[in-house]
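One-letter residues, chain by chain:
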Amino acid sequence: MRPDTYTHGHHESVLRAHRWRTVQNSAAYLAPWLGPGTDVLDVGCGPGSITVDLAERVAPGHVVGLDNADAALRAARAATTRAGMCNTSFTGADIYRLPHADASFDVVHAHQVLQHLTDPVAALREMRRVCRPDGVVAARDADYGGMRWSPDDEGLDRWLTLYHAIARHNGASPDAGRHLKTWAMAAGFAETTCSATAWCFSTPEDRSWWGGLWADRVRESSFATQALAQGRADSAELDRLAAAWHAWAADDRGWFLVPHGEILARPGND
């Protein structure tokens, strides 16, 4: 198996985006499963904003946040400390070899994780292993191929083409949202319920935030480093892409859609 490469990396501009995420805006499809006393594994927890929300909803149940990046885990621990949450713990681990016994959790959750993996089916099998038979594995991933924006812009067209090329070079699946059901079936789940939701950025505040963070990401994050290292862009082009993001954000007509696929997969009994 090829080693996974996280296309985004953990630059401040990336964590800035991740800290915005909550159960309400990123895992509402899972909310009915988050009753008091529920034990949750949050795979790929990042800086922990969703983890904090999960912990609040399931207390006194326990939430374990898991990530393979020390920077993300430090941010997540700090977030739960600020929130005063006592029912959380965090660990660094490999998603393909989760450090938990079979049937350890009622809910195993992954947000924007499977799209970055070289073997998402193997990851789902491992998530299924640690989920209780009557529990649920929940995954939500964006579909970059379905992203739409207005007004049309050649710079953003080029950004999306470049993102696809870099992610696929890494063996990842940037259009993962549309494949979740297929992957869940291949991983052997007994039953899978599918849904789809979207983020939409159009207000001046939303455009400034979304366009600004992507302008930073195309110049300063691992996306930029990989674009340069793979010979897919030079610094001048990355500057032009950042300028395109700023121009989109400043345009009162600006509108951006990020579609997501979602699955609630029931492990069943082997």
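Below: a short report on this structure. Quick caveat, the model's predicted, so the values are computed rather than measured.

Another aspect to go through is the environment of Pro 60. Tracing the sequence through the fold places Pro 60 in the loop between helix H3 (49–58) and strand S2 (63–67). Under the relative-accessibility criterion, Pro 60 is labelled exposed at 73%. Residues Pro 60 and Thr 193, spaced 133 residues apart in sequence, show a C-alpha to C-alpha distance of 27 Å. Excluding residues within four positions of it along the chain, Pro 60 makes contact with Pro 36 and Gly 37.

Another aspect to go through is the packing of aromatic side chains. Considering all chains together, one arrives at 23 aromatic pairs under this definition. Centre to centre, the rings of Trp 20 and Trp 199 are 5.0 Å apart; their planes meet at 80°, and the pair counts as edge-to-face. With a gap of 179 residues between them, Trp 20 in the loop between helix H1 (12–19) and helix H2 (23–26) and Trp 199 in strand S7 (residues 191–201) connect regions that are remote in the sequence. Of the residues examined, Trp 20 reaches a relative accessible area of 30% and is grouped as partly exposed. Relative to Trp 210, the ring of Trp 209 has its centre 6.1 Å away and its plane inclined at 35°; by these criteria the two rings are tilted. Looking at Trp 210, the relative accessible area reads 6%, which means it is buried. In this structure, Arg 128 is placed above the aromatic ring of Phe 189, and the distance from its NZ or CZ to the ring centre is 6.0 Å. In this structure, Arg 217 is placed above the aromatic ring of Trp 214, and the distance from its NZ or CZ to the ring centre is 4.1 Å.

Rules and cut-offs
- Residues numbered from 1 in each chain as written.
- Predicted model: local features only at pLDDT ≥ 70, side-chain atom pairs only at ≥ 80, totals over all residues.
- Heavy atoms only, no water.
- Helix = DSSP H or I, 4+ residues; strand = E, 2+ residues; numbered from the N terminus.
- Buried < 20%, exposed > 50% of the residue type's maximum accessible area, 1.4 Å probe, protein only.
- Contact = heavy atoms within 4.5 Å.
- Phe/Tyr/Trp six-rings, centres within 6.5 Å; stacked < 30°, edge-to-face > 60°.
- Lys NZ or Arg CZ within 6 Å of the ring centre and 35° of its normal.

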